[in-house]
Amino acid sequence: MRKQIVAGNWKMNMTFPEGINLIQEIINNSTSLKEAQLIISPPYLLLNEAVSLTEETNIGIAAQNCSDHEKGAFTGEISAKMLSSLEMKYVILGHSERRAYFGETDQLINQKIKQCLTNGLQPIVCCGEIMEERENKEHFNVVAKQIKGMFERITAEEFDSIIIAYEPVWAIGTGKTASPDQAQEMHHFIRETIRNSYGSEIANNLSILYGGSCKPSNAKELFSNADVDGGLIGGASLNAKDFIAIAYSF
Ligand code: 13P
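Along each chain, residue indices are assigned from 1 in the same order as the chain's sequence is written. Reporting of local features is limited, given that this is a predicted model, to residues whose pLDDT is at least 70; pairs of side-chain atoms are given and counted only at 80 or more, and all residues count toward the totals for whole chains, interfaces and linings. Only hydrogens and water are removed before side-chain values are computed, so all heavy atoms of the structure are retained for them.

> So what's going on with the pattern of salt bridges? Residues and values would help.
Basic side-chain nitrogens of Lys or Arg form a salt bridge, by our definition, when they fall within 4 Å of a carboxyl oxygen of Asp or Glu. Enumeration over the complete set of coordinates arrives at 11 salt bridges. The shortest N-O distance in the salt bridge between R153 and E152 comes to 3.2 Å. For every residue, the accessible area obtained with a 1.4 Å probe (protein chains only) is divided by the maximum for its type, and the residue is called buried under 20%, exposed over 50%, and partly exposed between those limits. Judged by relative accessible area, E152 falls into the partly exposed class, the value being 36%. Residue R191 pairs with D227 through a salt bridge whose shortest N-O separation is 2.5 Å.

In structure tokens, the structure reads:
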């Protein structure tokens, strides 16, 4: 059975004290949560504290990025090995903001995925089209190409620990959510694409999360679809009550 997951991507938000408060609030409000695996992804600054504070809980911690290199003279970068030394589990990779503002390509993301897998971290790998691509009916081709590039030379055994997030770029931070049908259609397509490359067992076990203006008012409808296994939440994850309400939406 694949896992239902609700992950909060805080992006570049929260000072150190604000972040500690939010983590604490999320912990306090989620003690009886059984429906989903919660993951929070604060900025690097807070990762160490986040790991310590959530030690006795079921909450997982994710970084928002990592280097494509193993180590060395890469000022400002954080390696997968460093992250794994904090005993955290997940890393978000290939977010559309990293593609758009930092020029990340599928090939670079592929290197980062390999770094994570080598260091025992589970990548949450993002894909998704821009509005123009959807309007031109290219969205399936775009996502198929991203998947092909990002998972090049990743073996079936390695793929077992991958989580995919479908985040249509036009829905991120815009208040415009994909309809439940649009989400289901793309999630199903992604699962079938993975089935073709890696076989049915891996495809059936793969958690595919939806991201893009997901909030308490639309989460239930989105998560009720057969191939939608949870969400990658941006804005609404900065409010503990909204974030937890989304996790109770299964
Ligand atoms: P929003 O939920 O703010 O639209 O952001 C989604 C996202 O980018 C999560 O990674």
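Now that the structure has been shown, the text picks up again.
> Can you explain the side chain of S30? Please cite residues and give values.
Think of it this way: any DSSP run of H or I at least four residues long counts as a helix, any run of E at least two long counts as a strand, and we number them from the N terminus. For S30, the position within the fold is in the loop between α1 (16-29) and β2 (37-41). We classify S30 as buried; its relative accessible area is 9%. Residue contacts are defined here by distance: any two heavy atoms, one from each residue, within 4.5 Å place the two residues in contact. Contacts of S30, omitting those with residues within four sequence positions, involve L38, I59 and I244.

> Residue-level account of unusual backbone geometry, with values.
Of note, K11 is a non-glycine position whose phi angle comes to about 55°, a positive value. Looking at the element boundaries, K11 is found in the loop between β1 (5-9) and α1.

> Now, about the side chain of S67: what can you tell me, with residues and values included?
By secondary structure assignment, the location of S67 is in the loop between β3 (60-63) and α3 (80-84). Here a polar contact is recorded for every N or O atom pair within 3.5 Å, except that within protein the pair must consist of a potential hydrogen donor and a potential acceptor, and residues adjacent in sequence are included only if both atoms are side-chain atoms. Only 2.8 Å separates the side chain of S67 from the backbone nitrogen of H69, close enough to count as a polar contact.

> So, the packing of helix α5 (residues 106-118) against helix α7 (residues 139-150): which residues are in play, and what are the values?
The relative placement of two packed helices is expressed as an angle between their axes plus a distance between the axes. Across the interface, α5 lies against α7 with an axial gap of 8 Å and an inter-helix angle of 45°. When the axis of α5 is compared with that of α7, the two are oblique. Crossing hand, α5 versus α7: right-handed. Residues D106, Q107, I109, N110 and I113 of α5 form the contact with α7, whose participating residues are K145, Q146, G149 and M150. Note on geometry: axes are lines fitted to C-alpha atoms, helical ones only across the stretch in contact, with angles between N-to-C directions running from 0 to 180 degrees. An angle below 35 degrees is read as roughly parallel, one above 145 as roughly antiparallel, one from 65 to 115 as roughly perpendicular, and any other as oblique. Crossings are classed by handedness, with left-handed meaning an anticlockwise turn of the near helix from the far one by less than a right angle and right-handed meaning a clockwise turn.

> Now, about the packing of aromatic side chains: what can you tell me, with residues and values included?
Classification of ring pairs uses Phe, Tyr and Trp, with its six-membered ring standing for Trp, and accepts pairs whose centres are within 6.5 Å; under 30 degrees between planes counts as stacked, over 60 as edge-to-face, and the remaining range as tilted. Tallied over the entire structure, the rule returns 5 aromatic pairs. Relative to F159, the ring of F151 lies with its centre 5.0 Å away and its plane at 75°, an arrangement referred to as edge-to-face. Like F159, F151 is buried. The criterion is that NZ of a Lys, or CZ of an Arg, lies within 6 Å of the ring centre and within 35 degrees of the ring normal, and then a charge sits over that ring. Geometry around F102 places R98 over its ring, the cationic atom sitting 4.1 Å from the centre.

> How would you explain the layout of surface pockets if you had to name every residue and give the values?
Both cavities and pockets are sets of points on a 1 Å grid over the protein atoms alone; in a cavity a 1.4 Å probe fits but cannot get out, in a pocket the set is open with protein on both sides within 12 Å along at least five of seven lines, and lining residues sit with an atom within 4 Å of a point. Grid points are joined across faces, edges and corners, and a volume is the space filled by probe spheres set on the points. There is about 430 Å³ of room inside the largest pocket. What lines the largest pocket is a set of 14 residues, and nearest its centre among them are K11, M12, Q64, R98 and F102. Per-element tally for the lining of the largest pocket: the top contributor is helix α4 (residues 96-102), with 4 residues. When residues are sorted by character, Ala, Val, Leu, Ile, Met, Phe, Trp, Tyr, Cys and Pro go into the nonpolar class, Asp, Glu, Lys and Arg into the charged class, and all the rest, Gly among them, into the polar class. Grouping the constituent residues of the lining of the largest pocket by class yields 7 nonpolar, 4 polar and 3 charged.

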